[in-house]
Structure formats: structure tokens, C-alpha cells
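Each chain, letter by letter, is given below.
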Amino acid sequence: MLSHTVLHGPRILSSTAASALKARRTQTFKAFYATIRSLRQPPPTVDVDDLDPPDNDFILSLLKANPSLRDTKSYLANFGVRPQAPERPDSVFPSTLLNPSKSSFLKEAPDKSVNKHLEQVKPSPGPIVSSILDPVYRRTALVKLQGPFTNKQLDSIARGMVYLEKLGLVSVIVVENDHLVRGDDGERSAIIEEIMRVVSALEAQGAEARPVLGTVVRLGPKPDDDLHEPRDFIPPEAHVFPSDLVAIRSALRAGEIPVLPPFALDSFCRSVRVDANDVLGALARGMVEAAALDGNDVKSSSHDPHEDYSQDINLVPLRLMIISREGGVPSYARTGFPHLLINLTSEYDYIRDTYDPSWSKGKPSSLSNLSLARTCLAYMPPTSSAVMVSHRSPSSLIANLITNKPAVSSSLPHALLQGNRKLTLDTPTLLRRGLPIQVIRSLADLDKAKMNHLLETSFKRTINADAFYKRLEQTLDFVVVAGDYVGAAIVTNEPSPGSSQPISYLDKFAVLPSHQGDGTVDFLWVALHDESYGLGLPFSINPNGGKEGKGEGRDLVWRSRDDNPVNKWYFERSTGHMRMGSWVLFWCDAEKRLKVEEGRRANAGLSYIEEWEEGRLSRWADVVTKIPSAWK
């Protein structure tokens, strides 16, 4: 459509109108300049501790969690609404008449007849309304509050605890103060004062809290423990009997948050201060054992997973939260920024061995808290997790509760960790018990029966086993296996015509549906990265039975159907992709080669297409499209 000026010619403005238009343009230019300038000059930094939360902070925290459908189902499985008992068909009166507290009358019905009485009963609320009105099931979390904190910082932490309680997770808090030297005069009164500060902060945020000043934990190993039994974690130097949890159970039943000091009974029945990690480790074990005795164990054979919660709270800790001023565990691969996700089973020793001593100045308790997480998670259910978080990130506790995932996926390339995914020193670290990771290079060492079950269950198709393994005998490079074949990545060497170097091809990448969403996918992809296109980098030296970082990385190539719902996940982790009819070709560039070239060229940088990249897409496409299907 043509403009008005072209159709009717230029208009002559009066002097008044011209001056007004000029002023308007000047104002617009100034506003535009101010906007651009504000982008180039960052606003003055304001300490997060000095900011007051908005009134809708709880709702915003829920929205920022951005849970997936799987996350939502997992949350509802733990905290879902209580199933209503079916109405007895032979009952004359509805349940609302038998229970005055649930009466659905607008006003008292006239006492004329039963039929008249029933006519005035309003329809029962629908399932959605009932789910809103009914309380969520309460679960417990162990919380280490590692101070000291200012009043403002304590308010922020207490707000996070209250948010979690609204979502059904009640905290059992153990308070520690790093500035109070053990054995000093007035130590006990100072600890009790810290306890009362935490209780006051919780009550100021609308929660009900109870200081549990009596000793709950006993020093020393449990009498019936086998001290010579080999364990892959450090057991706590304390223990708890189920009868010792009376005060904690009483507070939880009353809807109060118990707050405990790091005190324990010694052999002379004296209350002494001990390491808070020993208290938390003893509580983790004791609460799980007490729940098992109560019949509330999550492994109970009850048909109704919620019926045991009707009269009491589930004592089995669902989360371990370590809140401090330090935040997460520093990562060698992320130049000192925190780890996003840790597989304790396969990464614990490596993290301790590569821990830079200079990090101990700013984060002196990272390794001890890492050991605490390993100990507690050894007693807690496999679905439980631990999070190490800074006092500056209370909202991240909500995201962890709902999604049980790290703030950012640990398998994402570093280049994508920008914007809202950007890492900071306050980024929390999620820790899981995890699974062992092993690299298999011989087909003879592969358990074909378990592999077949994994592939067929994951892809929901029947594998042509004879043809598939016959091809692997000629082309297999390596297989990364997670746990007892709950996940696997199969990489082959595909011959490339006109080139002496075969193509590194990701033939299969599969995880059992029961382990999708628990971190196994990220654990598996990180191990695949370290063994293929990330090989040769310093942070790829993981003792998983593979090359341990020694060698040169190669480009990794794979294909996927264009309607595969997993493609979004592949898009984020690949260097590039190309569509080939009903297929999509993905690849990841060898990272060491790119880093070497970048360092050699300094400021010149890399070109859009390097010499070694010319013609590779057509060569890859020609080879990949001819790979036969593994399915019947």
C-alpha cells in the first residue's frame, strides 16, 4: 500500500507544527540513544541481599522452574492430592452429611424429610477443585544451614524454606556457624542464639518453627554396625535410634519446621557440639530406618502409595539441601564456576583429585559438603538428590524440588551457557548418587541380552540382532554403558570412500524410560563427549575405562528421523545439522582441533568454513544414508 505522501503530494507544515515535529524527533532520538546507551553501559551493580522480593515472588519462582510434562508427573507422584475414598453404594446419606466439616450447604437445610434434605445438597466439587482444596502430601528434606548469615540473608533463606513448605516439602534444619570455634567459651549459648535467629526468621515469613534444643544424635557408630564392611562412602561418626526422633516427629506432626543445633550425646550422656555433617548423616540414616519401621518406606508393597501418609508425615528425606555462602562445587572444566550436575558414583574421586587448592580460599568446605552429599544419598532412596546452593538463590530450591534437575543441563556446550543460562558463582550444583560409567571396546565384553532389552525398550521396536551385531563386528569403535545397561551409546567407525580416516558415527543412543529424567541422559552424553569429539581436552580425563583423555578427538556424526521428538535435544548439543529428506544429519566438531586453531590464529579467528571442512557434509551424507537399519 502506498503512503499518504505519495498519493497526495507533500504537505506544507506551519511554523508551529514544524517546531513541534522537530521537538518530537529530538525527543525520540534522545530516547533511542538512551536505550542503546543503557545496553552498552551496564547498570550499577546492586547486592542481591539488599533487594526486597516482589509480592508475587512465589508465583514467579514457580514459573521460572518451567517444568516439563515428565517433571510435573514426577512431582505429582510425590506430592499429589490424596485419593478420595469411594462412596459406599448402600449409604443413604452422602459423606458431606456425615462430616459437618465438609458440608456443602449454603445454609442450614430445613429439617422436614430426608428427601427434602438431600435435594438441597449442592453438587460435589469436580476433581480440579478438589485437587486445589485438598492439601499436598508432606515429604521431608534435610537442610544444612551453614552460616553465619546476616539478617537479610537469613530472611531470604527462610523465604525459600516457606516456599518449599507450601509445595509439600518440610525442612528439618541443622544450623552450623563456621565462625564459632569448637570448644570456645560461650559456644553453646552462641549456637542456641543462632537457632533462635533461624526460628524467628522462619516465623517472620509466616511459617511455624520449633527449636529442638535437646540432643537427638548419639556419638559413635551404631552398636550393630559391621565396622569392617567395605563401603564406598564415609559413614557418619554418629547414629540415631528411631526413639530419638520423637521431638522431630512431634514438630512435623504439628506442622512446624524443626531447627536443630549440631549437638550429640557422648558416652557419658553429655551434650557436646560435633560436626554438623555427622548430625546430618546420622539423621539421613535414622529417618530412613524409622520410616521403614513405620511402614512408610517408599519400597512398601502397598497398593496405594499415599495411604501411609494419611496420619503422619513421610520421614524418608526426599532432598538434601546444603545452603551456604559458598554455593556449588567448583569445576575444573568450567574454570572454577560450579559443577551443574555430579554423578557421585563415577565422578567423586575425580573431582577430589582435580580440585584446585586455590579454590579452598573462597570455598573451604566444598569437599566436605561433597562428602556429606555422598554419605546422605547412600542412605536415601535412589530417586533422592542433593543440592549445594548459595543463600543468594532461594528460588532455585523451588526449581530443584519441581524438576529435580540442575539449573542448566550439564551436557550443553559451553557456547550455549549465555543469557539466562549463563553460569555464575551462585549457580547451584545438583548431586545424585548416579551410576557407574564404563567404556567397552570389544564386542565380546558386551552383554547382548541386556543391550537388546535396552534398545527394544527405548525405541519400542524389535531389533534384528543377527544383522546388527554382525555389522558391529566389523565397525565397532566403543560402547559407553551407564549402570547395568540402563543407558548406552554405541559408536562405530564407518569407512569413508576417498579418505583414510573413517567416520565416527553414533549408531545408537538409548536410555531406559524408567531412567529418563533422572540425570542418566546427561551422564551418558558427557561420557560420550569425553570419549569422542571432546577427547584430548584436559577435562576429559575421566577414569571410566576409556582413553582417559589421551588422544585426538574426531568429529562425531549421527542421523535422526525428522519427526523424532528428541531432535530438539540434539539441536542444542550438536555443532550443526543438515536435512536429508526424511532424515536429519547432526554432527559435533572435534573441540581440541578448533581450540588449537583458535590459539594459533589469535585474534584472526576461524573462518566460516575451514579447509578440512570442505566437502565433508556430502561425504558424511553419502555414507550415513547407506547404513542399514537395525530393526526388523
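Along each chain, residue indices are assigned from 1 in the same order as the chain's sequence is written. For a predicted model such as this one, the threshold for reporting local features is a pLDDT of at least 70, and the threshold for listing and counting side-chain atom pairs is 80 or more; totals across whole chains, interfaces and linings nevertheless cover every residue. Only hydrogens and water are removed before side-chain values are computed, so all heavy atoms of the structure are retained for them.

### Digging into the sheet that holds strand β1 (residues 139-147)
Move 1: Overall, mixed pairing links the eight strands, which are arranged β3-β6-β2-β1-β9-β11-β12-β10 in an open sheet. The outermost strands of the open sheet, each flanked by one partner alone, are β3 (209-211) and β10 (341-343). Adjacent strand axes in the sheet meet at a mean angle of 20°, parallel and antiparallel pairs treated alike.
Move 2: Pairing of strand β11 (residues 385-390) with strand β12 (residues 429-432), which is carried by three bridges, proceeds in the antiparallel orientation. In the sheet register, V387 faces β12, and the bridge partner there is L430.
Move 3: The contact criterion used is simple: two residues touch if any of their non-hydrogen atoms lie within 4.5 Å. Between N-to-C directions, angles span 0 to 180 degrees; the directions come from axes that are lines fitted to C-alpha atoms, helices contributing only their stretch in contact. Numbering of helices and strands runs from the N terminus; a helix is a DSSP stretch of H or I covering at least four residues, while a strand is a stretch of E covering at least two. Strand contacts of helix α8 (residues 151-166): β1, β2 (169-177), β6 (257-260) and β9 (317-324), with the helix running at about 155° to β2, the strand carrying the most contacts. Note on pairing: two strands pair once DSSP finds at least 2 bridges between them.

### Considering the packing of aromatic side chains
Move 1: The aromatic pairing rule takes the rings of Phe, Tyr and Trp, using the six-membered ring of Trp, and pairs them if the centres are within 6.5 Å, calling planes under 30 degrees apart stacked, those over 60 edge-to-face and the rest tilted. Under the criterion given, the structure shown has 15 aromatic pairs.
Move 2: Each ring, one from W525 and one from W558, has its centre 5.5 Å from the other, and the planes form 75°; the classification is edge-to-face. Of this pair, W525 sits in helix α18 (residues 520-531) while W558 sits in strand β17 (residues 556-561); the two residues are 33 residues apart in sequence, bridging distant segments of the chain.
Move 3: Accessibility here uses a 1.4 Å probe with only protein chains present; expressed as a share of the type maximum, an area under 20% marks a residue as buried, one over 50% as exposed, and anything in between as partly exposed. Classification of W525 by relative accessible area gives buried; the value is 1%.

### Looking at helix α10 (residues 246-253)
Move 1: Among the residues making up α10, those that are buried are I248, R249, A251 and L252. Looking straight down α10, one finds its buried side chains confined to an arc of 160°; they lie on one side. Across from the buried face of α10, at angles greater than 90 degrees, the exposed residues are V246 and R253.
Move 2: Check the buried side of α10 and you find it contacts β1, β2, β3, β6 and α11 (276-294). Directions drawn from the helix axis to the C-beta atoms are what define this arc.

### Some thoughts on empty space enclosed by the protein
Move 1: Think of a 1 Å grid over the protein atoms and nothing else: a 1.4 Å probe that fits but is trapped marks a cavity, an open set flanked by protein within 12 Å on at least five of seven lines marks a pocket, and residues with an atom within 4 Å of a point count as lining. Grid points are joined across faces, edges and corners, and a volume is the space filled by probe spheres set on the points. Inspection of every chain in the model, using the stated rule, returns four cavities of 30 Å³ or more.
Move 2: Taken as a whole, the largest cavity spans an internal volume of roughly 50 Å³.
Move 3: L145, G147, F149, L154, V175, E176, E194, R197 and V198 are the residues that line the largest cavity.
Move 4: Counting residues per element, the ones that place at least two in the lining of the largest cavity are β1, β2 and α9 (187-204).
Move 5: By residue number, the principal contributor to the lining of the largest cavity is α9, which donates three residues.
Move 6: Classification used: nonpolar for Ala, Val, Leu, Ile, Met, Phe, Trp, Tyr, Cys and Pro, charged for Asp, Glu, Lys and Arg, polar for all others including Gly. Taken together, the residues of the lining of the largest cavity sort by class into five nonpolar, one polar and three charged.

### Things to note about the sheet that holds β17
Move 1: The mixed open sheet is built from seven strands, whose spatial order is β13-β14-β15-β16-β17-β19-β18. Strands at the two margins of the open sheet, each flanked by one partner only, are β13 (437-440) and β18 (576-580). On average, each strand axis in the sheet is tilted by 25° relative to the strand beside it, whichever way the strands run.
Move 2: In this sheet, strand β19 (residues 583-588) lies alongside β18 in antiparallel orientation, the contact comprising five bridges. Each bridged residue has a counterpart across the sheet, and for R579 the counterpart in β19 is V584.
Move 3: Helix-sheet contacts for helix α17 (residues 465-475) involve β14 (476-482), β15 (487-494) and β16 (503-511), and the interaxial angle to β15 is about 60°.

### Remarks on the nonpolar core
Move 1: Among the buried residues, those of types Ala, Val, Leu, Ile, Met, Phe, Trp, Tyr and Cys that are joined through side-chain atoms within 4.5 Å form a nonpolar core. Grouped together as the largest cluster of nonpolar side chains are 80 residues, with contacts concentrated most on I173, L202, L283 and L320.
Move 2: Ranked by residue count, the leading element in this core is α11, at 10 residues.
Move 3: Non-local contacts of L283, meaning those with residues more than four positions away in its chain, are made with L142, V174, V216, V217, V240, L245, I248 and L260.
Move 4: L435, I440, A482 and L512 belong to the second-largest nonpolar core, a separate cluster that totals 48 residues.

### Considerations on the pattern of salt bridges
Move 1: Basic side-chain nitrogens of Lys or Arg form a salt bridge, by our definition, when they fall within 4 Å of a carboxyl oxygen of Asp or Glu. If you walk through the whole model with that rule in mind, you get 23 salt bridges.
Move 2: When the shortest N-O distance is used, the salt bridge between D507 and R471 registers 2.0 Å. Of this pair, D507 sits in strand β16 while R471 is found in helix α17, placing the two residues 36 residues apart along the sequence.
Move 3: According to the relative accessible area criterion, D507 is buried, its value standing at 10%.
Move 4: Salt bridges linked by common partners bring K222, D225, R285 and E289 together as one network.

### Focus on the packing of α8 against α9
Move 1: Closest axis-to-axis distance for the α8/α9 pair is 8 Å, and the angle between their directions is 60°. Here α9 runs oblique to α8, going by the angle between their axes. Crossing handedness for the pair α8 and α9: right-handed. Judged by residue contacts, N151, L154, D155, A158, M161 and V162 of α8 engage R197, V198, A201 and L202 from α9.
Move 2: Of the residues contributing to the contact of α8 with α9, the split by class is seven nonpolar, one polar and two charged. Working rule for angles: under 35 degrees goes down as roughly parallel, over 145 as roughly antiparallel, 65 to 115 as roughly perpendicular, anything else as oblique. Handedness of a helix crossing follows the sense of rotation of the near helix relative to the far helix, less than a right angle counterclockwise being left-handed and clockwise being right-handed.

### Here's the deal with the side chain of K508
Move 1: For K508, the position within the fold is in strand β16.
Move 2: A polar side-chain atom of K508 sits 3.0 Å from a polar atom in the side chain of D507.
Move 3: Setting aside chain neighbours within four positions, we find K508 in contact with L455, F459, F468, A488, A489, I490, A630 and W631. Definition of a polar contact: a pair of N or O atoms within 3.5 Å, with one able to donate and the other able to accept a hydrogen when the atoms are protein atoms, and with sequence-neighbouring residues admitted only if both atoms are side-chain atoms.

### A closer look at helix α15 (residues 395-403)
Move 1: Across the nine residues of α15, seven count as buried, placing the element largely inside the fold.
Move 2: Within the span of α15, buried status applies to S396, L397, I398, N400, L401, I402 and T403.
Move 3: After α15 finishes, the residue N404 shows a positive phi value of roughly 55°.

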